[in-house]
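Survey of secondary and tertiary structure
Here is what each chain is made of, one letter per residue.
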Amino acid sequence: MGFPSRGSPCERKYDPPCESWLPPRATALRDEGAGPGTRAGRGAGVSAHHRETQVARMRPNRAVWRPSPLSRVACAHPARRGCRCGTVGRRHEAPGMSSDVAETKDGVVLLDYAQLVAGADLSAAIERAYGHDGIGLLVVRGIPGLAELRDNLLPLGFRFAALPTEVKDRYVHARSSYSFGWSHGKELLRPGQFDEFKGSYYNNPQYDVPHTDAELIEKHPENYHPNVWPDADFPELRPAFMALGQRMVDVGVLVAGQCDKYVQAKLGSRLAPDAALAKTIRDSRTCKARLLYYFAINEDATPRTRDSWCGWHSDHGSLTALCPAMYFEAEPGAAEPARKDIPVPDPEAGLYVRTRSGEERKVVIPKDSLAFQIGESSQIVTGGLLRSTPHAVQALAHPASRNISRATFAVFMQPDNDMHLRPPEGVDPAEQKVGAFQPGMTFGDFAKATFAKFYNPYA
Ligand SMILES: O=C(O)CCC(=O)C(=O)O
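What you see is a predicted model, and the numbers here were worked out from it, not measured in a lab.

Rules and cut-offs
Residues numbered from 1 in each chain as written. Predicted model: local features only at pLDDT ≥ 70, side-chain atom pairs only at ≥ 80, totals over all residues. Heavy atoms only, no water. Helix = DSSP H or I, 4+ residues; strand = E, 2+ residues; numbered from the N terminus. Buried < 20%, exposed > 50% of the residue type's maximum accessible area, 1.4 Å probe, protein only. Contact = heavy atoms within 4.5 Å. Areas by Shrake-Rupley, 256 points an atom, 1.4 Å probe, with all protein chains shown as cover. Pairing = 2+ DSSP bridges. Axes fitted to C-alpha atoms, helices over the stretch in contact; angles between N-to-C directions. Near = heavy atom within 4 Å. Polar contact = N/O pair within 3.5 Å; in protein donor to acceptor, adjacent residues only side chain to side chain. Nonpolar A, V, L, I, M, F, W, Y, C, P; charged D, E, K, R; others polar. Core = buried A, V, L, I, M, F, W, Y, C linked by side-chain atoms within 4.5 Å. Salt bridge = Lys/Arg side-chain N within 4 Å of Asp/Glu carboxyl O. pLDDT = per-residue confidence, 0-100.

Observations concerning the overall build of the chain
When helices and strands are tallied, the chain shows 11 helices and 16 strands. Burial status across the chain gives 59% buried among its 459 residues. Put simply, of all contacts in the chain between residues at least 6 apart along the chain, 79% involve residues at least 24 apart. Summing over all exposed atoms, the chain offers an accessible surface of approximately 17200 Å²; the carbon and sulfur share of this is 53%.

Structure follows, in structure tokens:
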């Protein structure tokens, strides 16, 4: 296995060999949005999907719709069939909210990167996306350099997955419960069914060596183990993975800063001191990035369920960044795709969220944008002011599915293991019915309990 052992590890973020091709960073970027921070990530145990799939299933009251006075009038938004918000026209109007929130053509809340950098107050958009009636997800567009970073990384998902099994197996890391390196066929799609058609490459997108404390690494290998890179067989993965991953965390900190503004205005001094989302993310050494590759399903002609490529789950960290997916066409066994970044030939395939009203909505992330999803840890520390949403990925239907595969990249921003998940003052921790959460838990406890309670085949 390729465990890096580079010098002065602990203090050193990954430095791309050459950043000259990246657009200049706004100086505000790293300092913006100081405040709360959390992150939602993989890695506090076994594949989060195992437990997340089951967590989602075990939370019947997630899908509660609170009707507002407006809910009697049918919404005419083309992307919101069945919505009862009362809006007639292009913009969706969530109950009790102003209409000055931009949306994608599918009705997903849309923020401009430039507005984020300028520090505009985007609280209305945050409430629309992450509040009680939101879908737990928003999109940020206009991110400089994103298209190129995406183009550099996602095809590597295809190429790595096409390597011989014995090569990929060198980078499987059982000791961290597959939270670093290559993982395929280890996670549950749904109870009893492993992820045959999904492979993942996990690593920390910020720190190759997040900690040098041997005891801590031994105790929490799923978070603090050094990154596992296939440098000997596939050296191109590391720079492309780290460059896109760091960019996504940077934008995540800006989104988190907006969440903090909104939450602070609503909860003020009731918030626990370490509930600040942007700070949590900035301080965290356990962010986890995942290059996902969904294999083509060539032969199976059974109808595709929503969770046919990725099971229903909610992310248990603080905030997840998602890259627009890329589809490939290739003959079985090909080392390179014949065509890449093609339009998906089955419009039903892709990412879905389950709304509070129980509706399953397809979410398309525009190519120049990133999506950001709220995780369960943020839901806990804000007493449910920000809410996570179950999501899943549907595979292409047969025969359109033949030779068509999909890659994407997710960055799970999550608190450090020892951060306490404290609901706001006045919110009874025992009333926080969020996954495996129990009062008094740290994030590390929460993550471990989540895995242990719902599924841990590696224990
Ligand atoms: O593939 C996607 O679009 C979503 C992936 C995802 O939800 C996850 O990795 O947790």
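A word on the sheet that holds strand 8 (residues 310-313)
Overall, antiparallel pairing links the four strands, which are arranged 8-15-12-13 in an open sheet. In the strand order of this sheet, the two ends are held by strand 8 and strand 13 (360-362), each with one partner. Across the sheet, the mean angle from the axis of one strand to that of its neighbour is 30°, orientation sign disregarded. Bridge count between strand 12 (residues 350-354) and strand 15 (residues 391-394): four bridges; the pairing is antiparallel. Considered in strand 15, the bridge of tyrosine 352 is made with alanine 392.

Some remarks on the site of the ligand
For the ligand, the set of nearby residues contains 14 residues, the closest of which are Arg290, Tyr294, His313, His391 and Arg406. Between tyrosine 294 and the ligand, the recorded distance is 2.6 Å, taken from a side-chain N or O atom to an oxygen atom. Histidine 391 is positioned with one of its side-chain polar atoms (N or O) 3.2 Å from an oxygen atom of the ligand. Protein contacts shield 98% of the accessible area of the ligand, which totals 290 Å² for the unbound molecule. Of all the secondary-structure elements, those providing two or more residues to the shell around the ligand are strand 7 (288-294), strand 15 and strand 16 (404-413). The residue makeup of the shell around the ligand, split by class, is six nonpolar, four polar and four charged.

Observations regarding the nonpolar core
Counting residues in hydrophobic clusters, the biggest one holds 85 residues, and the most contacted among them are Tyr130, Leu138, Val140, Phe372 and Phe409. Of the residues forming this core, the biggest block, 17 residues, is contributed by helix 8 (residues 237-267). Setting aside residues no more than four positions away along its own chain, phenylalanine 409 makes contact with Leu153, Leu154, Phe241, Leu244, Gly245, Met248, Ala289, Arg290, Leu291, Ala321, Leu322 and Cys323. One finds Val108, Cys310, Ala371 and Phe412 within the second-largest nonpolar core, a separate group that totals 25 residues.

Focus: the pattern of salt bridges
Within this structure, the stated rule accounts for 18 salt bridges. Ionic pairing is found between aspartate 151 and lysine 340, a salt bridge with its closest N-O pair at 3.9 Å. Of the two residues, aspartate 151 sits in helix 4 (residues 146-161) while lysine 340 sits in strand 11 (residues 339-340), which places them 189 residues apart along the sequence. Glutamate 222 is the salt-bridge partner of lysine 448, the closest N and O atoms lying 2.9 Å from each other. Of this pair, lysine 448 sits in helix 11 (residues 443-454) while glutamate 222 is found in helix 7 (residues 221-224), placing the two residues 226 residues apart along the sequence.

Concerning unusual backbone geometry
The linkage connecting histidine 398 with the following residue, proline 399, adopts the cis geometry, with an omega of 5°. Considering the arrangement of structural elements, one finds proline 399 in the loop between strand 15 and strand 16. If you check the backbone angles, tyrosine 178 has positive phi at about 65° while not being a glycine. By the element assignment, tyrosine 178 lies in the loop between helix 5 (165-168) and strand 3 (181-184). One non-glycine residue, asparagine 403, adopts positive backbone phi at about 65°. Along the chain, the position of asparagine 403 falls in the loop between strand 15 and strand 16. Classification of asparagine 403 by relative accessible area gives buried; the value is 17%.

A few points about the pairing of strand 12
Counting buried positions over the five residues of strand 12 gives four, a clear majority of the element. Relative to strand 13, strand 12 runs antiparallel, the two being bridged by three bridges. Its bridge partner being in strand 13, tyrosine 352 is matched across the sheet by lysine 362. Counted between consecutive antiparallel strands, the loop separating strand 12 from strand 13 contains five residues, among which glycine 358 sits at a positive phi close to 90°.

Here we look at the pairing of strand 10 (residues 326-329)
When strand 10 meets strand 16, the two strands line up antiparallel, connected through four bridges. By the bridge assignment for strand 16, methionine 326 is matched with alanine 407. Sheet topology note: the strand 10/strand 11 ladder contains two bridges and is antiparallel. Paired with phenylalanine 328 across the bridge in strand 11 is lysine 340.

What to know about the environment of cysteine 323
Its location among the elements puts cysteine 323 in the loop between strand 9 (319-322) and strand 10. The buried category is assigned to cysteine 323, whose relative accessible area is 2%. The sequence separation of cysteine 323 and alanine 371 amounts to 48 residues, and the corresponding C-alpha distance is 6.6 Å. With sequence-adjacent residues up to four places away left out, cysteine 323 is seen in contact with Arg150, Leu154, Leu244, Met248, Ile365, Leu370, Thr408 and Phe409.

A few points about the confidence of the model for the chain
Here the chain averages 80 in pLDDT, and 76% of its residues register 70 or above. Below pLDDT 50 for its whole length, residues 1-12 participates in 31 contacts with residues either more than four positions away or in separate chains.

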